[in-house]
Structures are given as structure tokens and as C-alpha cells.
Amino acid sequence: MNRKYILSGAPCAGKSSLARGLSNLTHTQSLDLDDVITSVRGVSPSEIITRSGLAEFRRVESDVFQETFRGGNGEYGILCLGGGAVESADIRSSLIGRNDISLISLVCSAEEISTRSLRDYARQQRPVLGEIPEENLKNAREILARRMPFYRECGAVVYTDFLSSEQLVPIVEALGDISQPGVTIIPAPQGDLVSTAIVGRGILSRLFSGIFSLAQSKSRAFVIDENVYLSSIQKFEQLGVGKEEVYIVPSGETSKSIQKLEELLKFLATQGCSRES
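The rules behind these values
- Every residue gets a number counted from 1 within its own chain, in the order that chain's sequence is written.
- Where local features are concerned, this predicted model is filtered to residues with pLDDT of at least 70; where side-chain atom pairs are given and counted, the filter is 80 or more; whole-chain, interface and lining totals use all residues.
- Excluded from the side-chain calculation are hydrogens and water; included are all heavy atoms of the structure.
- Labels follow the DSSP assignment, with helices taken as runs of H or I lasting at least four residues and strands as runs of E lasting at least two, numbered in each case from the N terminus.
- In this scheme, a residue with accessible area under 20% of its type's maximum is buried, one over 50% is exposed, and one in between is partly exposed, where area comes from a 1.4 Å probe on protein chains only.
- Whether two residues are in contact is decided by their heavy atoms, any of which lying within 4.5 Å being enough.
- To measure how exposed things are, a 1.4 Å probe is used in the Shrake-Rupley method; for residues, cover is taken only from the protein chains shown.
- To get an axis, fit a line to the C-alpha atoms, keeping to the stretch in contact for a helix; angles then go from 0 to 180 degrees between the N-to-C directions.
- With respect to orientation, any angle under 35 degrees is reported as roughly parallel, any angle over 145 as roughly antiparallel, any angle of 65 to 115 as roughly perpendicular, and every other angle as oblique.
- We call two strands paired when DSSP finds no fewer than two bridges between them.
- Counting rule for charge: Lys and Arg are taken as positive, Asp and Glu as negative, and neither His nor the chain ends is counted.
- Any Lys or Arg side-chain nitrogen found within 4 Å of a carboxyl oxygen on Asp or Glu counts as a salt bridge.
- In this analysis, the protein atoms alone were mapped onto a 1 Å grid. Cavities are point sets where a 1.4 Å probe fits without being able to get out; pockets are open sets with protein on both sides within 12 Å along at least five of seven lines; lining residues have an atom within 4 Å of a point.
- Grid points are joined across faces, edges and corners, and a volume is the space filled by probe spheres set on the points.
- Three classes are used: nonpolar for Ala, Val, Leu, Ile, Met, Phe, Trp, Tyr, Cys and Pro, charged for Asp, Glu, Lys and Arg, and polar for all others, with Gly counted as polar.

Asker: I tried to follow the overall build of the protein on my own but got confused; where do I start?
Answerer: The helix and strand tally for the protein stands at 12 helices and nine strands. When the 277 residues of the protein are sorted by exposure, 42% land in the buried category. Excluding contacts between residues fewer than 6 apart, the proportion of contacts in the protein whose partners are at least 24 apart in sequence is 68%. Accessible surface, the protein as shown: approximately 15,000 Å² in total, 52% of it carbon and sulfur.

So this is what it looks like as C-alpha cells:
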């Protein structure tokens, strides 16, 4: 069964751009839940809220989501939710525990959300959080505080403060089984390259099926803590990773030295790594 992507997250965090990029990369259909609501109900989300209130919109949103999630509104490989959809208990219960989907919630700092929102407002795009900077930032902070527990409960949280959509798409596509509840992914661009920190309990076993699938090139190198390596030797052997491809960092503070750094750089050079790797 092909894995589907369900995208959620904060306003202006990049959900729509990621959905388009994943759709192009995976050659699958992308649906936006707000657009589906407009098509199915003949009225936009903002009109529903204006006429009937937020609670009624959440009810409509949940109903349309359930139908769409089951494939009732067309085939899709990527479904982009409204940022507040995870506030619905019915929607959350449908998403939690599913092994056939990757639920990714995009977030960034309240300050970055506010900056992007005000930029969009200046371009006459989305007045999501208000036009007054102080009010805008206050609203961004309140939204993050309210929704972050739900984002973490449902799937992986990816920070997008410093990423373009072009940089984000291949990272999300490669995550695979790692995109599970309680996992936080913090990409950090370094020039043309992006290093990614992944934080969460129980992710080690999923790392081998996700991140390690990226390392199929001839020039590859693994830098790993001694204790982690000792507990994962069989996994490395199953992947066909030889000991000569692994640099083991001794546990403890003594490994934090110029000598160890020099050894590591020599190891990376031996493996054919460079600034472009």
C-alpha cells in the first residue's frame, strides 16, 4: 500500500508549498481540505465561519474530512488540512495509530509566523492573524500554544523557520516511518546542504528504514555514538554497512577533543566526503 501524506501545521508554515512539491515529486494527486469543503458544500470555510460560527465550521470540516479520508472525494496521495483541523477530536482519532500515512505538521516560531503573515497581508494575500504587528504576534503565539500538543499527538513536527519549500520537500519525502507522533524534526540549512536533527523516543529502529535509505551512494559515512552502535550492529550488517564505513564516537566527555575531531575529519576524507557531500 502506498503511503499517503497528511499535512497540517501552523499558518504560513509552508503547508501548501510542501503539498505542491510532494505532489510533483511523488506524481500523486494533492487535495486541500479547504478547497474540498468549498467544492462539496458550495461555500468557503471563511463564509461558513462568518455565517454560522467556528463551531459549525469545525463540524463541517470534520464531516468532509472523514469522507475525503476514506476516498469519497477523489483519489489523493497528499491531503493538506487546515491548520486548526487537529483541534477536532474526531479528526485526531482518525489519524492516530495509522501505519499507512505520514502525518507531518509544519511549524515555526511565533515570530517567523508573524513575519510571514504580515508579508502576505502586504501582498494582499492572507490576513490570517491581523494587520497590526503586535496583535499579529500575539495571535501567532496563542495559536502555537493551543495547537502544538495536538500536532505532537498526531504525527511528526517539522520546523520550517529557515527552509525553502525546495529544501523541505526531499526531507519530508525521505522520512518514511520516522514521521510518527512525538518526533520533532529540525532541519538546518548550511549553504546548499541541509543537516537534520531528529528528536524523539524510540526512533532508532525507524531511522534504519527511513534516513538510512538515503545513504545508498558509493561515498557514504556513518558517525555514531559507541553505545548506539553496539546496540545496532545487526542492523548495520543487514544494511550491508561495513565497519570501515562507520566512525564510532567513544561515549563520555573525553571524546570532545581536537584529537577526535581530527580523526573524524580524516575518516570522512577517506570515505570520499567533501564540502559538497
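Asker: Looking at this model, I keep getting lost on the packing of helix 2 (residues 33-41) against helix 4 (residues 54-69). Mind explaining?
Answerer: Any two packed helices are characterised by how steeply their axes cross, that is the angle between the axes, and by the distance between the axes. Relative to each other, helix 2 and helix 4 sit at 95 degrees, their axes nearing to 10 Å. The orientation of helix 2 with respect to helix 4, classified from their angle, is roughly perpendicular. Residues Leu33, Asp34, Val36, Ile37 and Arg41 of helix 2 touch helix 4, and the partners they reach there are Phe57, Val60, Glu61, Asp63, Val64, Phe65 and Thr68.

Asker: For this particular structure, what's the right way to read the pairing of strand 5 (residues 156-159)?
Answerer: For a regular strand, the rule is simple: side chains alternate between the two faces of the sheet. In this sheet, strand 5 lies alongside strand 4 (residues 101-107) in parallel orientation, the contact comprising four bridges. Residue pairing in the sheet places Val107 in a bridge with Tyr159 of strand 5. With two bridges joining them, strand 5 and strand 6 (residues 184-190) adopt parallel strand pairing. Across the sheet, Val158 pairs through a bridge with Ile185, a residue of strand 6.

Asker: I keep staring at the side chain of Lys15 and nothing clicks. Help me out?
Answerer: By secondary structure assignment, the location of Lys15 is in helix 1 (residues 15-26). No salt bridge forms around the buried Lys15; measuring N to O, its nearest opposite-charge neighbour Asp32 is 8.1 Å away. In this view, Lys15 contacts Leu7, Ser8, Gly9, Ala10, Cys80, Leu81, Gly83 and Leu106; residues no more than four positions away in its chain are not counted.

Asker: What exactly am I supposed to notice about empty space enclosed by the protein here?
Answerer: Summary: where empty space remains is shown by rolling a probe the size of a single water molecule over the atoms. Tallied over the full model, the rule gives one cavity of 30 Å³ or more. Computed from the structure, the largest cavity encloses a volume of approximately 50 Å³. What lines the largest cavity is a set of 12 residues, among which Leu95, Arg98, Cys154, Gln180 and Pro181 lie closest to the centre. Here the lining of the largest cavity takes three residues from strand 4, the largest share from any one element. Its residues placed into classes, the lining of the largest cavity shows six nonpolar, five polar and one charged.

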